[in-house]
Every structure is written in C-alpha cells, then in structure tokens.
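Now for the letters of each chain:
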Amino acid sequence: MPASLRRLDPLLGDAILRDPDIAATYAVDSSYGASAPETFTVVRARDTQDVVAVLEEAQAHGIPVVPQGARTSLTGASCATEGAIVLNVEALRGIDIDPVEGHARVGPGVVNADLKAAVREAGLFYPPDPASADTCTIGGNVATNAGGLCCIKYGVTADYVKSLEIVLPGGEQIRTGKRTAKSTAGYDLTGLFVGSEGTLGVVTSALVRLIPAPDLALTALATFDSLDEAARAVLALRADRHRPALLEFLDRASIAAIQAMNDFGFPSGCEAALLVQSDRPGHAAEDVERYAATLADLGAAEIAVADNAAEAELLMKGRRMLNYALEAKGGRLAEDACVPVARLGDFVRIGQEISERTGVEITLSGHGGDGNLHPSLFFEHGDLDGWHRAEAALEELLRAALDLGGTITGEHGVGVQKRRFLEWELGAAEVARQRSVKALFDPSGIMNPGKVY
C-alpha cells in the first residue's frame, strides 16, 4: 500500500484487499490481453463513506482512482493503472422500489438481472438488457450507457436514469437529476455522467425509471439466402406500427460458429438470420404472426414461429449460444460499432470484404434493429502478429462504420481499446471541449486516467 494511503488503513480496515492473488483478479476486466500492473491497491467499498474517504485521500495526494463493478467491460475501462486505487463498488447494493412513482433507488453493485427480477415481482419492468445481464451491475451499465437486445423498442440505460448520487474527487457528494416526472431546472448533469466511464466521479446510487411489465415474449426466427433481403426485412419490421421488442441479426459466419457447437436448426449455407420478438400485452401472438408474414413477403427461406414462451426460448437458444461459440474459436477482439439501420447490409458486406482481403476471420452479428453490431475478429491465442492483424482489420472496420454515418461504439464504451479512435469521430476541437468538462469535475485528473481520452 502506498505510504499516502496508510492513514486510511484504520478507517477502511477490511475494505482494503490485502491478498495479492485475489487483488490481481480485480486489476483486470474482460478485455483481451488485460494484465495487472505491478503496484495498485484494491478497496472494496462497504458503503458511501468508504467511497468518500478514498476520494478525499486520492485528491489530496494525486492518486489515480479506477472505479469498478463486476469487471465485465470489454474495453479495458475498469482495468487498474500503475499506482492506482481500484475502487470496487459491488457491495453497494439495495433496491428500493416505489410502485406509485414508477421508479427504484438502486445501488451500483446491483446486478442487472436481479433488478429485473425484483421489480417484476411488483408488476414492473426495467428494460435495459445487456447480453451480460446475469453478471453486469447497474453502476457499470450507467458508466457505459449500456443497451442490449431490446433497444429497438425500449432504448438504452440513459432513457431510464432519472437521478444519480455521485461522489466527486475530493469527496464531495452531489445529486443530479430529479425524482418528479419532469423538470426543466438546470443543465442535464445526469446525462453527462451516464456513459462517462468513471472519468468524472463514482456513482453510489441511481434512481431508475420503471414501466409496467409486458407479457412474456414470443419469437419468430427466419433465415435468408440473401443478405440484402435480410437487411430489407429489418427495415420493414422497424416500420411496423407495433415495433418488435427485439430484432437480432446473425451473419453467415456467426451462424456457422453456432452450428459448430451443436445443431440449432440453422440451414447450412444461409446468409443471415433474424430473430424477432413481441411482448405487447395481449397481442404478442398476433404480432409475431404478422412479423412472420412480413419476413415471408421479403424472401425468408425458412420461418419458425413460437406458440408459447417455452418455444420462444427454444428459438432464441442459438442466439444465446453465440458468445460461447465465438469464445470457443480462440483469441478474439469482441467489438462494438453502430451504423444507421439503413446501412446495416452495407456494413456487413464491408466487413466480409475486409475479412477476405486480410485473412482475419470476422463475424458481424448483434442488434440489427438499431444497427448496433458486435464484430468479433479472431486470431490464435499467443499469436502477436495475428493479434496485430486483427487490430489493423478493426481499424478498417471502424473507419467504415464512421464513413457510413455510424459510431465507433454503440454501447461498450471507449475505455482503453478505442481511445485512439475517439478523435476520428468527434474531431480535435470536440475532444478538447470534453477534456475541459472533465477538468471541471476532476481538476487533478485522478479519475480513471488513460481511459476514453
């Protein structure tokens, strides 16, 4: 422990993680190649006062602080830096539901799926649904403005965060936002902190908006022999007056990876697959039948429609197997980019061309309904040259996303992995303005240094 932190020892006690082997597991997130620095300290905050104490001392002595939750980030955003305090807030839990106002006060360490289960018992629904919902925490979701499978209908985390309690560098506690249904008092500081990736302060509580619980979803699955037909079907389904709750896209390379794990019913050689769901109360079955008719009209080769929730989950099983199938292929950059939905097919085709030209295997699947795909670029574990070739192919792919009017990240965030690309999207002047905003809240630059910028 740095000498400057020893005065915190009596105050923090067992909040300081002293076993170096266990501490090393807190030094990295889920990004490829992440490794622990030589010197760092892990503090597992027990309450808000622990967070205040750490940020007071860190500001006083210029010690970097890396806020952290469940470490599911794929961008290096929650990895320790040399000499830093890794401030883990997983223990800051608690869910206080207000069914009248339709919101819940939630600790940053609450797991997304646990929040969903708790509010469902009250007949309510928290929509943001990242693929890692069973493990990721609300604090991390706020930090990255996480989205997920159901964004086409419900939007992203920012659409549900009403207010935040935050500890700033130096230990000052602030509250942003509002508890009422609406307010125009002052700037939207809540929106500023959502997606800030721990670079401004540490979230200790979030007030999130809830909506009435929908029906259990029903699913239709369609496969296509043509990428263009699949892309047109995405646009047609988005235009339905009762928009789907989920619209997922699988390209041919992803389907092949899934089928290599087991036979999930995808025909060999198909170019794309779409999974579409409705959870509209009292009308889910009607909706998926209509979606199926649309898919047939637009050239789907095969279509399956679920009659009940169990069948719906069976149709989704192949999609839920995707991440495991991709992990089984070896080393990979698990990435994230978003393009206008009308350019979805163009983006996939460009990715396929990059793959053929560079020899880097690339899969392009994800949330077709909002144009947010998750490219995976593969290489052999331990093959540094292969890793660098994958990184070069990724640069081409991200440049293509920008050329199509898209963004370098739809929901994973920038972290370390994409900070060199941020100026491509924002420009030097905008990055400078954002740095100025960061300096207002973090004048000493201690909050998650080296991340995003």
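Preceding this paragraph is the structure being described.
Residues numbered from 1 in each chain as written. Predicted model: local features only at pLDDT ≥ 70, side-chain atom pairs only at ≥ 80, totals over all residues. Heavy atoms only, no water.

**Student:** Looking at this model, I keep getting lost on the environment of Phe-347. Mind explaining?
**Tutor:** With respect to the helices and strands, the residue Phe-347 is situated in helix 13 (residues 344–358). Accessibility expressed as a relative area gives 1% for Phe-347, which makes it buried. With 10 residues separating them along the chain, Phe-347 and Ala-337 place their C-alpha atoms 9.9 Å apart. Setting aside residues no more than four positions away along its own chain, Phe-347 makes contact with Ala-337, Val-339, Leu-364, Leu-373, Leu-397, Ala-401 and Leu-404. (Helix = DSSP H or I, 4+ residues; strand = E, 2+ residues; numbered from the N terminus. Buried < 20%, exposed > 50% of the residue type's maximum accessible area, 1.4 Å probe, protein only. Contact = heavy atoms within 4.5 Å.)

**Student:** I keep staring at the pattern of salt bridges and nothing clicks. Help me out?
**Tutor:** Pairing between side chains of opposite charge can happen when the charged atoms of each approach one another. Applying the stated criterion to the full structure yields 24 salt bridges. Here Arg-280 and Asp-287 are joined by a salt bridge, their closest N and O atoms 2.9 Å apart. Asp-287 carries the same exposure label as Arg-280, and that label is buried. Among the charged side chains, a salt-bridge network with shared partners connects Asp-240, Arg-280, Glu-286, Asp-287 and Arg-290. (Salt bridge = Lys/Arg side-chain N within 4 Å of Asp/Glu carboxyl O.)

**Student:** Hey, could you run me through the nonpolar core in this one?
**Tutor:** Nonpolar side chains in soluble globular proteins tend to be buried together. Counting 67 residues, the largest nonpolar core has Phe-224, Phe-249, Leu-250, Leu-274, Leu-295, Phe-347 and Leu-377 as its most contacted members. Take this core: its biggest share by element is seven residues, from helix 14 (residues 384–403). Other than its neighbours up to four places away in sequence, Phe-249 contacts Leu-227, Ala-230, Ala-272, Ala-273, Leu-274, Leu-344, Val-348, Leu-364, Ser-365, Gly-366, Gly-368 and Leu-373. Formed by 28 residues, the second largest nonpolar core is a distinct cluster that contains Ala-104, Leu-124, Cys-150 and Leu-210. (Core = buried A, V, L, I, M, F, W, Y, C linked by side-chain atoms within 4.5 Å.)

**Student:** Please clarify how the sheet that holds strand 10 (residues 202–209) should be interpreted in this entry.
**Tutor:** Within a beta sheet, neighbouring strands are joined by backbone hydrogen bonds and run either parallel or antiparallel to one another. With antiparallel pairing, the five strands of this open sheet are ordered in space as 5-6-10-8-9. Two strands close off the open sheet at either side, each with one partner strand: strand 5 (95–98) and strand 9 (173–177). Taking each pair of neighbouring strands and ignoring which way they run, the sheet shows an average axis angle of 15 degrees. Relative to the sheet, helix 4 (residues 112–120) contacts strand 5, strand 6 (103–106) and strand 10, its axis offset from that of strand 5 by approximately 35 degrees. (Pairing = 2+ DSSP bridges. Axes fitted to C-alpha atoms, helices over the stretch in contact; angles between N-to-C directions.)

**Student:** How do you make sense of the sheet that holds strand 3 (residues 65–68) when you look at a structure like this?
**Tutor:** Across the sheet, four strands lie side by side as 1-2-4-3; this open sheet has mixed pairing. Two strands lie at the open edges of the sheet, namely strand 1 (16–17) and strand 3, each paired on one side alone. Running over the sheet, helix 3 (residues 48–61) touches strand 2 (40–44), strand 3 and strand 4 (84–88) and is turned about 165 degrees from strand 4.

**Student:** Help me out: how do you make sense of the side chain of Arg-319 in this one?
**Tutor:** Turning to its location among the elements, Arg-319 is positioned in helix 11 (residues 309–320). Taking the relative accessible area as the measure of exposure, Arg-319 reaches 10% and is therefore buried.

**Student:** Is there a simple way to think about the packing of helix 13 against helix 14 in this case?
**Tutor:** Packed helix pairs are characterised by how far apart their axes lie and by the angle those axes make with each other. The N-to-C vectors of helix 13 and helix 14 enclose an angle of 155 degrees; their axes lie 10 Å apart at closest approach. Between helix 13 and helix 14, the angle falls in the class roughly antiparallel. Read as a crossing pair, helix 13 and helix 14 show a hand that is right-handed. Along the contact surface, helix 13 presents Phe-347, Ile-350, Gly-351, Ile-354, Arg-357 and Thr-358, while helix 14 presents Arg-389, Ala-393, Glu-396, Leu-397, Ala-400 and Ala-401. Within the contact of helix 13 with helix 14, the residues separate by chemical class into seven nonpolar, two polar and three charged. (Parallel < 35°, antiparallel > 145°, perpendicular 65-115°, else oblique. Left-handed = near helix turned anticlockwise from the far one by under 90°. Nonpolar A, V, L, I, M, F, W, Y, C, P; charged D, E, K, R; others polar.)

By themselves, these are just geometric observations and shouldn't be taken as functional.
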